[in-house]
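The chain contents come next:
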Amino acid sequence: MARFIGRRLLLSLITIWLLVTIVFFITYVLPNDVGRTILGPFAPQETVDALNQRLGTDRPIIVQYLDTLTRVVTLNFGDSYVNGKPVLPQLFDAMVRSAKLAGLALLLTIPIAIAAGVYAARRRDRRADRGIVLLGVTSSSIPEFVTGTVLVVVVGVQLKLLPVIATTPPSASIPTQIAALLMPATAMAIVYFGYIARMTRAGTIEVLQSDYTRTAAMKGLTPNQVMRKHVLRNALIPTVAVIAVQVGYLFGGIIAVEKIFTYNGMGQTMLFAAQNKDLPMLTAGVILVGIVYMLATLAADMTMAWMNPRIRLDSER
Amino acid sequence: MDYDKLDQVRRTAVPLQLDTIEAFAAGRLSRREFIQRASILGLGATSIGLVLAACSSTTSSPSASAAGGGGTSAAPSAAASAAASAAASAATGGRIRVAIQRPVSVDPVAMQDLGGYGIVSQSMEFLCTLTPKDLVTIGPGLALTWTPNADGSVWTFNLRQNVKWHDGTPFTADDVVATMERLVAAGNSGLKGVLPAGGAKATDPNTVTMTLASPNGNFPYLVSVFNAQTVITPKAYAAGTTLDKVPAGTGAWKLTPGSYNTQTGASFDRNPDWWGGTTPLDGIDFTFFDATGPMVTAYQGQQVDAIVQFDVLSGKSLIDDPNFNLIAAPAALHRQIWMRTDKGQFADKRVRQALAYTFDRPALIQQLFQGKAQLGNDHVIWEGYPYFDSSVPQRTQDIAKAKSLLTAAGVTNLTATLHAGQLLEIPDLATLLKSQAAQAGINLNVAVESLQTYYGAQWCPAQPADPPCSGAAELGIVDYGHRGTPDVYLNAALKSKGIWNSSQYNSPDFDAAFSSFQKAVGVDAQKAACNKIETILLEDTPIGLPYFYNYLAGSSKTFSGFYASGLGQAFFSATSKVA
């Protein structure tokens, strides 16, 4: 296990270097310079030049790239080009907000989707199964920003049941925060329900047809015991992998939902940084999201290895 | 005509003020134009009222809506008066929740965005502020009165006394001088070339004299809300300091410590020591948004009570909402369709005129703004300016004339790319212009791109740097915000080698007319200069300007007394909950 984790960490470092390099060069080739983007189109050119000089964005590209790498290695991402404040505290705040939203969305999705998938698998080809599959396909086909908009209009504006702005003051109580996050979390849960439910269904069907499941049933175990002890831990392995990928996406990719609900998570923060050529913020943000992805997949791999010891043994051979 | 009343004012008026009084008395200025002009020149509310009464056919009391400093009376600001009257008829206490564009920067000197203007102006104040009357009339802010010398090259500002900064220290003339020096050093676009370094001097703790580079009859506007960076900051406020790092100000609202968060919003609490008295509300809670659509949704979901600015397309439901107090103030907000005058297909002015003759302006106004806009006449002198000359004929759609102009220019099957940025109604404007131009045989291909790249790629590329904007596209649309005077539009966008002159317009006649306008300090001289400017621009048509559109803001009818400028600043000192 230690060798497994060590190898993954080494790969992670290479991944981070690749991320930083790609982000740097993509930002560099975009038109408009940093000073002009920050100060706007009406600022005098002298002011723009002075700002570029202060930020160091007028230096040769290779110098800027090496400077960026140095900052990453020393974990000193510096200050935002846009607001002049240290980058990491701002990103951690955004990360916390994204974590809350992601956590609530997963809390809503996972139990329901897994239960639905197992339920459908046990009633394969019957009406309940077909209904759940259809529901899953439909829900995952509708983009979350469409669902979000419908929820805002119906639940937020017309019925006024929940707030339309997901952002709450820092001092807000937990129930208030949950109420504010319920709509965006539901919008995402509806989409992810489809993926997770269908993956669970497929995995459960495969395991239900396996020899060891039949053996367990013939040994005299009740159906519930068979499900709990033999089926679920094998059927959910692919589902765990899907969830891991979704976790990473939830942290950095739900820009549309964040925009609709005026919620500044990592997605909005990095979009703003990209639009304003705020390279320190963008670089640090991409690295953080990359770390989230890597941790999520590492956790998924370890979970799968725990669920199925053969996976662990194969990797250590 | 009551000459006694008139003489009371004439005796104490300086030459520029006298000129304005005489112009009004002789009927060369409308009542509204007189009030606006007199306000700029520092004539007091009492004096304005006396002149109005003197020239009125019936005896009437001085106008309660006139605003201005000057004379021998120290008039309270309109905001404070409104606060007092509002407090008498409405509940006190409570907070208002406001939707505002997310600020990019709250550095008073360097800020360039409407969100920053709106936030900073809650705590910090201007020498000359906006009155609730309209989007043009300025009144006393931190300056109680201001007076020009004979030719308007030196302006003396008498400061309001007993004003304190939020930390309790006294506000003095040294703060004003330091602010002006900081702005001049930073190259503030409004003061550049107008106020030289060292031009501001404190003659005593309550008086500042500003000696200009050349006479300028509109100078008070350049130290007003319409030059958003000229909020007065403490003497010790170093360049680069931001409001959230060092909260400061003399205004009615104090930034709540720790409340400013770029991601979420900011809160302000009442300043109990404000010179204007006790505000009816306890505080303001701002939520930051990146688009107007979510602002409107937040209002409909009852999570905000007021919106500082929105557009017709996103806010249609608000315009129709009977419970929404809509502010639809005529403003100088506009779009310019620039056409390269130095090269390309539009170098011949007949071709430019031809395109302008295809504009169906009333249709554009109706389709894009539901009528909430005024006609533009291909020049930048908005009809709300006191020196606007309405005698210049209004250009209307004339397809036959457009065709004949093209024929005379020897142009057939004109095809051009119309560049536009992705902003509010501009892409729709481009599409409508395309269909209108097609009637005259002009084929426009519309190319819309993100604002992130548009300004630098099409409107004013950094290279070639000399002359500025010489790399601009042949044809495109650019947006301009509201200004209390047209100086910025004329200087930057149209003057030869102007920093925003994307049409590369180079007309000695126009430059001379603009120079006359800048130097003009008498009403008649300003109107005469504007007549020339309007006529020249209409003839040369370096830009098409089909409309000036209204500034839209508003609040729930559960609040009253909220008003806004056309530059994102919102005023809540007189706002109260309706009892």
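Residues numbered from 1 in each chain as written. Chains lettered and ligands numbered in written order. Predicted model: local features only at pLDDT ≥ 70, side-chain atom pairs only at ≥ 80, totals over all residues. Heavy atoms only, no water.

Draft legend 1. Local environment of empty space enclosed by the protein. Residues and elements named next belong to chain B. Tallied over the entire structure, the rule returns 4 cavities of 30 Å³ or more. When its volume is computed, the largest cavity comes out at roughly 230 Å³. If you trace the largest cavity, you find 20 residues lining it, with Glu125, Thr129, Trp274, Phe571 and Ser573 closest to the centre. Elements with a contribution of two residues or more to the lining of the largest cavity: helix H6 (114–123) and strand E21 (570–571). (1 Å grid on protein atoms, 1.4 Å probe; cavity = no way out; pocket = protein on both sides within 12 Å on 5 of 7 lines; lining within 4 Å. Points joined across faces, edges and corners; volume = space filled by probe spheres on them. Helix = DSSP H or I, 4+ residues; strand = E, 2+ residues; numbered from the N terminus.)

Draft legend 2. Representation of the environment of Glu258(A) in the model. Residue and element names in this part refer to chain A. Its place among the elements puts Glu258 in helix H12 (residues 255–260). In this structure Glu258 comes out as buried when scored by relative accessible area, which is 1%. Those residues in contact with Glu258, other than ones at most four positions away along the chain, are Ser98, Tyr263, Asn264, Gly265, Met266, Gly267 and Gln268. (Buried < 20%, exposed > 50% of the residue type's maximum accessible area, 1.4 Å probe, protein only. Contact = heavy atoms within 4.5 Å.)

Draft legend 3. Representation of the interface of chain B and chain A. Each side of the interface is counted separately: chain B has 33 residues, and chain A has 32 residues. Both sides of the chain B and chain A interface together cover about 2,800 Å² of buried area, and 57% of this is carbon and sulfur. On the chain B side of the contact with chain A, Val104(B), Gln263(B) and Gln452(B) bury the most area, a combined 21% of that side's loss. The closest approach of N and O atoms between Lys85(A) and Asp244(B), which form a salt bridge, is 2.4 Å. Joining chain B to chain A, the criterion identifies 6 residue pairs in polar contact (both at pLDDT 80 or more). Those elements that provide at least two residues to the side of chain B that touches chain A are strand E10 (283–289), helix H9 (292–300), helix H15 (451–459) and strand E16 (475–480) of chain B. Within the side of chain B that touches chain A, the residues separate by chemical class into 13 nonpolar, 14 polar and 6 charged. (Buried area = accessible area lost by both parts, 1.4 Å probe. Salt bridge = Lys/Arg side-chain N within 4 Å of Asp/Glu carboxyl O. Polar contact = N/O pair within 3.5 Å; in protein donor to acceptor, adjacent residues only side chain to side chain. Nonpolar A, V, L, I, M, F, W, Y, C, P; charged D, E, K, R; others polar.)

Draft legend 4. Focus on the sheet that holds strand E4 (residues 143–148) of chain B. Residues and elements named next belong to chain B. Strand order in the open sheet formed by 4 strands is E4-E5-E7-E6, and the pairing between neighbours is antiparallel. With partners counted over all chains shown, the strands left at the sheet margins are E4 and strand E6 (200–204), one partner each. Taken over all neighbouring pairs, the strand axes of this sheet differ in orientation by 25 degrees on average, direction set aside. Across the face of the sheet, helix H7 (residues 173–185) comes into contact with strand E5 (154–159), E6 and strand E7 (207–211) while running at roughly 175 degrees to E6. (Pairing = 2+ DSSP bridges. Axes fitted to C-alpha atoms, helices over the stretch in contact; angles between N-to-C directions.)

Draft legend 5. Broad picture of the nonpolar core. Core analysis: the largest hydrophobic core is formed by 247 residues, its most contacted members being Leu127(B), Phe157(B), Met180(B), Met210(B) and Phe219(B). Counting residues in each nonpolar core, the second largest holds 17 residues, with Leu6(B), Ala13(B), Ala38(B) and Leu50(B) among its members. (Core = buried A, V, L, I, M, F, W, Y, C linked by side-chain atoms within 4.5 Å.)

Draft legend 6. Looking closely at the packing of helix H10 (residues 223–235) of chain A against helix H11 (residues 237–252) of chain A. Residues and elements named next belong to chain A. It is the contact of H10 with H11, at a shortest axis distance of 4 Å, that shows an interaxial angle of 40 degrees. Here H10 is positioned oblique relative to H11, judged by the angle of their axes. Touching Arg233, Asn234 and Ala235 of H10 are Ile237, Pro238 and Thr239, all from H11. Each residue belonging to the contact of H10 with H11 can be placed in one class, and the counts come to 3 nonpolar, 2 polar and 1 charged. (Parallel < 35°, antiparallel > 145°, perpendicular 65-115°, else oblique.)

Draft legend 7. A look at the state of the cysteines. Residue and element names in this part refer to chain B. Overall, the coordinates contain 1 disulfide over all chains when judged by the stated rule. Covalent S-S linkage joins Cys460 and Cys469, the inter-sulfur distance amounting to 1.5 Å. An S-S torsion of about -70 degrees defines the bridge between Cys460 and Cys469 as left-handed. The same class applies to Cys460 as to Cys469, namely buried. (Disulfide = S-S within 2.5 Å.)

Draft legend 8. Expanded view of the pairing of E16(B). Residues and elements named next belong to chain B. Across the 6 residues that make up E16, a large majority, 6, are buried. Pairing of strand E12 (residues 324–339) with E16, which is carried by 6 bridges, proceeds in the antiparallel orientation. Paired with Arg335 across the bridge in E16 is Asp479.

Draft legend 9. Quick look at a nonpolar patch on the surface. Residue and element names in this part refer to chain A. Taken together, Leu10, Leu11, Leu13, Ile14, Trp17, Leu18, Ile22 and Ile26 make up a surface patch of nonpolar side chains, about 810 Å² in accessible area. Tracing the sequence through the fold places Leu10 in helix H1 (residues 2–29). Since its relative accessible area comes to 54%, Leu10 is described here as exposed. (Patch = residues over 30% accessible without salt bridge, like charges linked within 9 Å, V, L, I, M, F, W, Y side chains within 5 Å. Areas by Shrake-Rupley, 256 points an atom, 1.4 Å probe, with all protein chains shown as cover.)

Draft legend 10. Quick peek at the packing of helix H1 (residues 3–12) of chain B against helix H2 (residues 15–25) of chain B. Residue and element names in this part refer to chain B. Close contact between H1 and H2 brings their axes to 9 Å; oriented N to C, the two are set at 155 degrees. When the axes of H1 and H2 are compared, the pair comes out roughly antiparallel. Regarding H1 and H2, the two cross each other, and that crossing is left-handed. Here Leu6, Val9, Arg10 and Thr12 of H1 lie close against H2, whose contacting residues are Gln17, Leu18, Ile21, Glu22 and Ala25. Looking at the contact of H1 with H2, its residues break down into 5 nonpolar, 2 polar and 2 charged. (Left-handed = near helix turned anticlockwise from the far one by under 90°.)

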